[in-house]
Amino acid sequence: MKKLITLTVNERVYEVAVAPGRTLTQLLRDDLNLLGTKEGCGVGDCGACTVILDGKPVNSCLVLAVQADGSTIKTIEGVAIGDSLHPVQETFVEMGAIQCGFCTPGMILSATSLLEKTPHPTEQEVRQALSGNLCRCTGYQKIVEAVQEASRRMKK
Amino acid sequence: MLLLPKFDYEEPKSLPEALAVLSELKGNAKVIAGGTDLIVNMKKGTLKPACLVSLKKVEGLRQIVREGGGLTIGSHVTVAEIAESATVAWVAPVLARSASGLGSPLIRNRATIGGNIVTARPAADLPPALMVLGAEAMLKGNGKGRSVPLDSFFTGPGSSVIETGEVLTSISIPSAPPFTGAHYVKLGHRAALEIAIVAVASRLTLYKPDGVIVDARIVLSAVAPTAIHAVSAEKALTGQRPSEELFAKAASLAVTDCSPITDIRGGAGYRRDMVNALVRRTLTKAYHDASGEKEGGA
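Structural notes, computed from the coordinates.

**What to know about the overall build of chain B**
And then number 1: Of regular secondary structure, chain B possesses eleven helices and 14 strands.
And then number 2: Relative to the globule expectation of 19 Å for 298 residues, the C-alpha radius of gyration of chain B, 19 Å, shows essentially globular dimensions.
And then number 3: Its C-alpha atoms give chain B principal-axis dimensions of roughly 60 × 45 × 30 Å.
And then number 4: Among the 298 residues that make up chain B, the fraction classed as buried is 50%.
And then number 5: Intrachain contacts of chain B at a sequence separation of at least 6 include 66% that bridge at least 24 residues.

Now the structure itself:
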């Protein structure tokens, strides 16, 4: 039986009827048409489906939509401020941290979440914070450099 | 894309209500906490509960409370909260260490201590540390409650003493005696999103900083159907004066206490060698901490 849930996504309140078997990824993509969130492995290994749930980055493929009732969610669509990109998005674009782009939304959400908690992370802290997000293209080096550069720009 | 099967979902508002729902549904319901294990198994089709019962609205399951020098941790406290808690770092650093190596940051933000225990996986991350700490699991059923030492909680891969209709509500960790130190090492191919090839937790309590060992606990993980105590190694250490030779002897005895299998993550022989190495390493570090200045726990 479908349940009526209320949740705030990117500062907009939604009321949706969902079946218990729908994941938060499916809700965001199929019902709310927020296609920035990707589904990769579907079992919590790859991090492509990362969203910020009540302030913390999580695998949305392992959250039931009904479990997110009453929650506040930020997806990649909520990271830019108006028309201007977030510093992490800017440095990802400028520094070659994006190749195929599939892991990018998850990477950027994990990275912004790290920088909110730890504004000046060490390289080790960046790598650890991104360790749940897999990238098959870049070899991670440029991603780590982009996060560090974003941290420097945000300091100014 | 992996799809979930059809099931019902209940969100009771209190523990008595939850226990009533579970007892009514008998074996057809499962409690969902973080879901990082349950949802994966349901997507893969290995678990097919007719109903999931979420305890997110039940109060009192999400606290870390310091009690008489020990700790009580609610079953729905997340692994990230344990890894980052200053209280856990002070009273039970070995638990904080094992929590920080579970899954990935994304998994740790959802996975709970209760879930990591009740799924009863032979390579689960938290049980070895909890067992050397002497932790007990508090189970609540319809009309009754009981406390089970974690040492006798697991009965096989995926099975435990928990009965249908029972819920794990909290885990209690007693205060550690003075001159106690502990250490945990998880061996994997990579640092994140890894299931242990072998993991070892050890704890030593000394009579005084340069005294004999009065209590020794060694728990081996991923080398038997459940996490197990290396009983003969523990016995060989108790009452003895710590030395490198003693730790080497205990490490070879620990190898005889386990029964590893060969699987995709490692061969049985390799696992035995790693038990030997990790027991020695964890004992050495535990002894160092036990004999040092540090007050507080293990």
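**As for helix α2 (residues 87-94) of chain A**
It helps to recall that an α-helix has 3.6 residues per turn; residues three or four apart then point in one direction.
Residue and element names in this part refer to chain A.
And then number 1: Within the span of α2, buried status applies to P87, V88, Q89, T91 and F92.
And then number 2: Where α2 is buried, its residues contact α3 (104-117) and α5 (141-155).
And then number 3: G96 lies just past α2 and shows a positive phi near 70°.

**Focus on the sheet that holds strand β12 (residues 198-206) of chain B**
Residues and elements named next belong to chain B.
And then number 1: Spatially, β11-β12-β13-β14 is the arrangement adopted by the four strands of the open sheet, whose pairing is antiparallel. Two strands bound the open sheet, and with one partner strand each, they are β11 (180-187) and β14 (228-229).
And then number 2: Running over the sheet, helix α11 (residues 268-291) touches β11, β12 and β13 (213-221) and is turned about 30° from β12.

**Looking at the interface of chain A and chain B**
And then number 1: The interface is formed by 24 residues belonging to chain A together with 25 residues belonging to chain B.
And then number 2: With four residues, the top contributor of residues to the side of chain A that touches chain B is strand β4 (residues 56-59) of chain A.
And then number 3: When grouped by side-chain class, the residues that make up the side of chain A that touches chain B number ten nonpolar, ten polar and four charged.

**Side note on the nonpolar core**
And then number 1: Grouped together as the largest cluster of nonpolar side chains are 138 residues, with contacts concentrated most on L95(B), V198(B), V200(B), L220(B), A254(B), V275(B) and V279(B).
And then number 2: Apart from the residues lying within four places of it in its own chain, the contact partners of V198(B) are L187(B), A222(B), V223(B), R271(B), M274(B), V275(B) and L278(B).

**Observations concerning the pairing of β13(B)**
Residues and elements named next belong to chain B.
And then number 1: A large share of β13 lies buried, amounting to seven of its nine residues.
And then number 2: Hairpin connection of β12 to β13: six residues between the antiparallel strands.
And then number 3: Bridge count between β13 and β14: two bridges; the pairing is antiparallel. Looking at β14, one finds that L220 is bridged to I228.
And then number 4: Once β13 ends, the chain turns through six residues before running back antiparallel as β14, passing A222 with a positive phi of about 70°.

Conventions adopted
- Residues numbered from 1 in each chain as written.
- Chains lettered and ligands numbered in written order.
- Predicted model: local features only at pLDDT ≥ 70, side-chain atom pairs only at ≥ 80, totals over all residues.
- Helix = DSSP H or I, 4+ residues; strand = E, 2+ residues; numbered from the N terminus.
- Rg over C-alpha atoms; globule rule 2.2 N^0.38 Å.
- Buried ≥ 20, exposed ≤ 12 C-beta atoms within 10 Å, placed from the backbone.
- Contact = placed C-beta atoms within 7 Å.
- Pairing = 2+ DSSP bridges.
- Axes fitted to C-alpha atoms, helices over the stretch in contact; angles between N-to-C directions.
- Nonpolar A, V, L, I, M, F, W, Y, C, P; charged D, E, K, R; others polar.
- Core = buried A, V, L, I, M, F, W, Y, C linked by C-beta atoms within 7 Å.

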